[in-house]
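# Tertiary structure, described
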There are 2 protein chains.
Amino acid sequence: LTLTLVIAESSIELVPNEIAGHSSVRAQAIRKRKDPRKLILDQSYHHAAILKLGSSGAGRGRPDIAHFSLLTALGSPLNQEKRLQCFIHTFDNHVVTVDTSARLPRNTDRFTSLLEQLYEEKVVPDRGRPLMSLKKQTLQGLLRQLSADLAVALTVNGSPKEMSAVAGELVEAENPVLLVGGFPTGHFSMDTVKLSTRQYRIDRRPLEAWSVVGRAIYDYEKSVGLDRF
Amino acid sequence: LTLTLVIAESSIELVPNEIAGHSSVRAQAIRKRKDPRKLILDQSYHHAAILKLGSSGAGRGRPDIAHFSLLTALGSPLNQEKRLQCFIHTFDNHVVTVDTSARLPRNTDRFTSLLEQLYEEKVVPDRGRPLMSLKKQTLQGLLRQLSADLAVALTVNGSPKEMSAVAGELVEAENPVLLVGGFPTGHFSMDTVKLSTRQYRIDRRPLEAWSVVGRAIYDYEKSVGLDRF
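Position numbers for residues count from 1 along each chain, tracking the sequence in the order it is written. Lettering of chains starts at A and numbering of ligands starts at 1, both following the order in which they are written. In keeping with the predicted nature of the model, local features appear solely for residues at pLDDT of at least 70, side-chain atom pairs appear and are counted solely at 80 or more, and the whole-chain, interface and lining totals rest on all residues. No hydrogens and no water enter the side-chain calculation; it runs on all heavy atoms of the structure.

## A closer look at the packing of helix α7 (residues 163-172) of chain B against helix α9 (residues 209-223) of chain B
All names here are of chain B. Note the cut-off: Between N-to-C directions, angles cover 0 to 180 degrees, with each direction set by a line fitted to C-alpha atoms, over the stretch in contact for helices. Each helix is a run of DSSP H or I of at least 4 residues and each strand a run of E of at least 2, with the numbering of both proceeding from the N terminus. Small angles under 35 degrees read as roughly parallel and large ones over 145 as roughly antiparallel, with 65 to 115 read as roughly perpendicular and the rest as oblique. In this scheme, a crossing is called left-handed if the near helix is turned counterclockwise away from the far one by less than a right angle; it is called right-handed if the turn is clockwise. Residue contacts follow a heavy-atom distance rule, with two residues in contact if any of their heavy atoms lie within 4.5 Å.
For the pair α7 and α9, interaxial distance at closest approach is 8 Å and the crossing angle is 60°. Relative to α9, the element α7 is oriented oblique. Remark: the crossing between α7 and α9 carries right-handed chirality. Facing M163, S164, A167, G168, L170 and V171 of α7, the residues of α9 in contact are R215, A216, D219, Y220 and S223.

## What to know about α9(B)
It helps to recall that an α-helix has 3.6 residues per turn; residues three or four apart then point in one direction. Residue and element names in this part refer to chain B. How we decide: Helices are assigned an expected span. That span is 1.5 Å times one less than the residue count. We call a residue buried when its accessible area falls under 20% of the maximum for its residue type, exposed when it is over 50%, and partly exposed in between, using a 1.4 Å probe and counting protein chains only.
Taking 1.5 Å of rise per residue, the 15 residues of α9 would be expected to cover 21 Å, and the 21 Å separating its terminal C-alpha atoms lies within 8% of that figure. Most of α9 is tucked away, with 13 of its 15 residues classed as buried. Looking at the residues trailing α9, positive phi occurs at G225, about 75°.

## Quick look at the interface of chain A and chain B
The criterion, for reference: Once two parts are brought into contact, the accessible area they lose, counted with a 1.4 Å probe and summed over both, makes up the buried area. Residues adjacent in sequence count toward polar contacts only when both atoms are side-chain atoms; beyond that, a polar contact is any pair of N or O atoms within 3.5 Å, and within protein one must be able to donate a hydrogen and the other to accept it. Residues were grouped as follows: Ala, Val, Leu, Ile, Met, Phe, Trp, Tyr, Cys and Pro as nonpolar; Asp, Glu, Lys and Arg as charged; and all remaining residues, including Gly, as polar.
Facing 43 residues of chain A, the contacting portion of chain B comprises 43 residues. Of the roughly 3,700 Å² buried between chain A and chain B on both sides combined, carbon and sulfur atoms contribute 45%. Broken down residue by residue, the surface that chain A buries against chain B is led by A:R106, A:R215 and A:F229, which jointly contribute 20%. Summed over the shared surface of chain A and chain B, the result is 21 residue pairs in polar contact (both at pLDDT 80 or more). Breaking the side of chain A that touches chain B down by element, the ones donating at least two residues are α2 (43-51), α3 (63-74), α4 (77-80), α5 (108-121), α7 (163-172) and α9 (209-223) of chain A. Counting residues per element, the side of chain A that touches chain B draws most heavily on α9(A), at eight residues. Of the residues contributing to the side of chain A that touches chain B, the split by class is 14 nonpolar, 10 polar and 19 charged.

What follows is the structure in structure tokens.
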């Protein structure tokens, strides 16, 4: 019994062309000795450039969200027991496959640099066992590849249900997939909602992605009895 | 009813004198235009210098642990409902008081820079409502200040107990304090153990600090019925 976690529509992308010439992007490109178009868009450094994107820039450039969510997932007992697999689906329709034994960098900037390497070379590290790999893929393609018989989307627009009850449903499925949004605020696109089997809201209050990941995995562990001593 | 969370013995300190001259520290000091002794020790940048400390360097220079733990705690429904207070107690016996409405930087390096400012100016930001403040204080001093009638230490050396049961005990206390270790591996010092009322281990496997924080707060919320819709 394995749970598949997909951090979906994650706020990860390369710097878009229209702001590649912005001073905040150019300054970082010089510092990192990289082509501006090979940088991962990052609110921490490209805030002013993202503002130039107007309303379409909202919520973009937050690779830290997928990073913290992954750290939470990979450190869980469920993962330690090899019963979790993790994918990051990005805003620009790439899918990152994460080896569950990967020791990710703990530093946000190091993780972002790793993503930059991943966009360029499709696999990291460049030799030995791949810890992360990237391909162009839609969420639909990924779900098909996973033969998911249940895809539960956790979203503020879903019907209210305690996570422990949602976990009970996941345990019943053959190939359960859990979709958590890798963006700061708002909700999944209609496309993602249509791809999911059910949509639930697990708290009255909006929660950060990594909190949702932590709670979902913990309740799933309890459902399968992994919390026993 | 408020829960007090103390990230104790956190792996946070200024660069110690004996390695302030190391090339990895000097390089970062030049980059940040700071006195090397005013930098926070950081494995991501001072790895080679920390190795020079020999066995006493083990587990030091990990401000990211307190950072992720705080992000997890501050994003919780318990905190949103103003029923959580957070402190960081450091390895070098400082205590950081964190305003529960603080929006911390999401980027590890930005958080570390904020800590550097905090060590220098004792409060951040430099004007307006303080989001974090720092003083020289031992864990004993902090627990006395909090009038804690129950201080539960979560540690691999404690007696096995499911976190939901631990949460049930915390709810019974007047001023419950939860101690979570802000270090990468190992366990609390004997001093800390003696200051705590009870010591529990909440999983068979060792867990990362931010996982412990997330699970503890979630179970505490369930104990006080905060998960109801």
